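As a plain string of letters, each chain reads:
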Amino acid sequence: MARYLVVAHQTVTSPELLEKVRVIREQQKDAEFVLLVPATPVRHLLFRRGDEQDAEVTARKRAERGRALFAKKGLPLHDAKVGAPDPAVAIDLEVKADSGYTGFVISTLPAEKSHWLGMDLPRTVLAKYRLPVHHVVAALPPGW
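Residues numbered from 1 in each chain as written. Predicted model: local features only at pLDDT ≥ 70, side-chain atom pairs only at ≥ 80, totals over all residues. Heavy atoms only, no water.

## With respect to the sheet that holds strand β3 (residues 77–83)
Part 1 of the reasoning: The five strands are arranged β3-β2-β1-β4-β5 in an open sheet whose pairing can be described as parallel. At either end of the open sheet lies a strand with only one pairing partner, and these are β3 and β5 (133–137). The mean angle between the axes of side-by-side strands here comes to 20 degrees, regardless of whether they run parallel or antiparallel.
Part 2 of the reasoning: Across five bridges, strand β4 (residues 103–108) lies against β5 in parallel orientation. (Pairing = 2+ DSSP bridges. Helix = DSSP H or I, 4+ residues; strand = E, 2+ residues; numbered from the N terminus. Axes fitted to C-alpha atoms, helices over the stretch in contact; angles between N-to-C directions.)

Here it is, written out as structure tokens:
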């Protein structure tokens, strides 16, 4: 069975991410997904709400929104988790806890707005794990 770690935060409900997951599922009928939402510090979020103490609460809400949307779209989400604030550390801890992943789907904002792309997350994960990394860039809402 193919198992993908989907890493997203602000883009967890983006049409682009859902489409990529759907395409992977279409290509690999047995594929299932685990959603990992890092507890990104609020100061790094484009859509800032709350204060620094709200990072984990915000991530948990996004994980639950993602779980609900995956279910609505008929996409097999095995679990939705909140991870460490640093996405690279969150991925490392998850892979250490469960080494059975086939690949990764990393969803980011466009380059000019993405903290994760500033840290070169997709390439870092590819170099470290040598597994497929599907990088999805979500469109910004109108007016951003």
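## Some details on the pattern of salt bridges
Part 1 of the reasoning: Scanning all chains against the criterion turns up 10 salt bridges.
Part 2 of the reasoning: When the shortest N-O distance is used, the salt bridge between glutamate 94 and lysine 81 registers 2.9 Å. Remark: lysine 81 occurs in strand β3 and glutamate 94 occurs in helix α3 (residues 87–97); sequence separation between them is 13 residues.
Part 3 of the reasoning: Taking the relative accessible area as the measure of exposure, glutamate 94 reaches 6% and is therefore buried.
Part 4 of the reasoning: Aspartate 120 serves as the salt-bridge partner of arginine 123, at 3.1 Å between the closest nitrogen and oxygen.
Part 5 of the reasoning: By relative accessible area, which is 58% here, arginine 123 ends up exposed.
Part 6 of the reasoning: According to the relative accessible area criterion, aspartate 120 is partly exposed, its value standing at 31%. (Salt bridge = Lys/Arg side-chain N within 4 Å of Asp/Glu carboxyl O. Buried < 20%, exposed > 50% of the residue type's maximum accessible area, 1.4 Å probe, protein only.)

## Quick look at the nonpolar core
Part 1 of the reasoning: Ranked by internal contacts, the top residues of the largest apolar core, which has 23 residues, are Tyr4, Val6, Val21, Phe33, Leu35, Phe70 and Val105.
Part 2 of the reasoning: Looking at this core, the elements with two or more residues in it are β1 (3–7), α1 (15–27), β2 (32–38), α2 (55–72) and β3.
Part 3 of the reasoning: What leucine 35 contacts, discounting residues up to four positions off in sequence, is Val6, Val12, Ala63, Gly66, Arg67, Leu77, Asp79, Ala80 and Lys81.
Part 4 of the reasoning: Counting residues in each nonpolar core, the second largest holds 14 residues, with Val7, Tyr101, Phe104 and Ile106 among its members. (Core = buried A, V, L, I, M, F, W, Y, C linked by side-chain atoms within 4.5 Å. Contact = heavy atoms within 4.5 Å.)

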